[in-house]
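The residues making up each chain are set out below.
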Amino acid sequence: MDTKALRQKILDLAIRGKLVPQNPNDEPASVLLERIRAEKQQMVKDGKLKAKDIKNDTVIFLGDDNLHYEKFPDGTVKCIQDEIPFELPQGWEWCRLRNISSIISKGTTPKAGKNAYIDGDIGFVRIENLTDNYSISHEDMKYISNTTHINELKRSILQEHDLLITIAGTLGKTAVVRKENLPLNTNQAIAFIRFIDFEAINILFYCLIISSNTIKNRLLLQTKVTSIPNLTL
C-alpha cells in the first residue's frame, strides 16, 4: 500500500469537506468572516491595528453567474475564478489569509548570526524544529538571549496559536505554536500568521490544507527561482 498516496487522498477529501458529513446547523463561514471584518475595524479604532493593516482586505463572493469574484476596498470587482481550485460545500467560503489575520510576517537572523546562540534562554525556531505532525520539536533547538529576543528580534516574537510556514529551502512545512513551546522566536526561513479569531478558526486545518498536494502545488507556483527556493510573504 502506498501510504503517502493514501494520506494525500485523505487530505484532499478533508480540505474539500468530503471526509465527513457536513452539519447543516453549523454557522456559515460568511457570518464568521463578517464578524472578523468588524473586529479588525474595531482593532483599528482601538489602536491595536493600523489603517494600513486592513487597507488591502477584500471580500470573495459567488456571483449570479456562479463565478467567484473579489471586491476590493475601492469598490472595484474582479473575477478570480481561475484562482479557485475546487468547489466548496454549502456554508464554506473562500478568503485571503490576510483578511482573517492581524499579522503575516517572518523571522529575522540575529545580527551576530550563529554567535548569538547561547546555552539556553529563548528558543529560536528553525526549519528542522518543525515536525511532520505540525508541532515544534525542542530537540536540537537553538537558543538566543532575552535581550536579543526583546530588543533585536522584537517583531518576530511568536505567540500561542501562531501558524508557522517554512518559506525558504524546504517549502510549505507547517506547525502551530502551543503554550508549552513558549517563549520562542524564529528565523527568516519561517513565516508566521497570527489569526484574528483563533478560537473560531481551526488552525490545524490550515496545516492540513497547506500539506495537501492541491494547495502545496499552488504555493510552489509563487516560488522565487534562486539557488535556494523562496516563497514570498
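Before any of the text, the structure's been laid out above.
Because the structure is predicted, anything quoted here is derived from the model rather than measured.

(A) Inspection of the pattern of salt bridges at higher detail. Taken as a whole and judged by the stated rule, the model has 11 salt bridges. Among the salt bridges present, the one from Asp140 reaches Arg126, with a minimum N-O distance of 3.5 Å. One end of the pair, Asp140, is in the loop between strand 5 (122–125) and strand 6 (142–144); the other, Arg126, is in the loop between strand 5 and strand 6, and 14 residues separate them in sequence. Among the residues examined, Arg126 registers a relative accessible area of 10% and is labelled buried. Each member of the salt-bridge network shares a partner with another, and the members are Glu70, Glu83, Arg96 and Arg98.

(B) Just unusual backbone geometry, in detail. For the bond running from Leu182 to Pro183, omega is 0°, close enough to zero to count as cis. Within the fold, Pro183 resides in the loop between strand 8 (170–176) and strand 9 (184–186). Unusually for a residue other than glycine, Asn66 sits at a positive phi of about 65°. Relative to the elements of secondary structure, Asn66 occurs in the loop between strand 1 (59–62) and strand 2 (68–71).

(C) Layout of the sheet that holds strand 3 (residues 77–79). With antiparallel pairing, the three strands of this open sheet are ordered in space as 1-2-3. Two strands lie at the open edges of the sheet, namely strand 1 and strand 3, each paired on one side alone. Between one strand axis and the next, the sheet turns by 30° as a mean value, whatever way the strands run. Where strand 2 meets strand 3, three bridges bridge the pair, whose relative direction is antiparallel. Each residue of the ladder has a partner; that of Tyr69, found in strand 3, is Cys79.

(D) Spatial organisation of helix 1 (residues 3–15). For helix 1, built from 13 residues, the straight-helix expectation of 18 Å at 1.5 Å per residue is met to within 8% by its first-to-last C-alpha distance of 18 Å. The secondary structure elements touched by the buried residues of helix 1 are helix 4 (203–211) and helix 5 (213–220). N-capping of helix 1 is provided by Asp2, with a side-chain oxygen placed 3.2 Å from the backbone N of Lys4.

(E) How the structure looks around the pairing of strand 7 (residues 163–168). Within strand 7, six of the six residues are buried, which leaves the element mostly enclosed by the surrounding structure. Two successive antiparallel strands, strand 7 and strand 8, enclose a turn made up of one residue, where Gly169 displays a positive phi of approximately 75°. Summarising the sheet, strand 7 and strand 10 (residues 190–195) pair through four bridges and their orientation is antiparallel. Bridge pairing in strand 10 places Ile165 opposite Ala191.

Rules used in this analysis
- Residues numbered from 1 in each chain as written.
- Predicted model: local features only at pLDDT ≥ 70, side-chain atom pairs only at ≥ 80, totals over all residues.
- Heavy atoms only, no water.
- Salt bridge = Lys/Arg side-chain N within 4 Å of Asp/Glu carboxyl O.
- Helix = DSSP H or I, 4+ residues; strand = E, 2+ residues; numbered from the N terminus.
- Buried < 20%, exposed > 50% of the residue type's maximum accessible area, 1.4 Å probe, protein only.
- Pairing = 2+ DSSP bridges.
- Axes fitted to C-alpha atoms, helices over the stretch in contact; angles between N-to-C directions.
- Expected span 1.5 Å × (residues − 1).
- Contact = heavy atoms within 4.5 Å.
- Polar contact = N/O pair within 3.5 Å; in protein donor to acceptor, adjacent residues only side chain to side chain.

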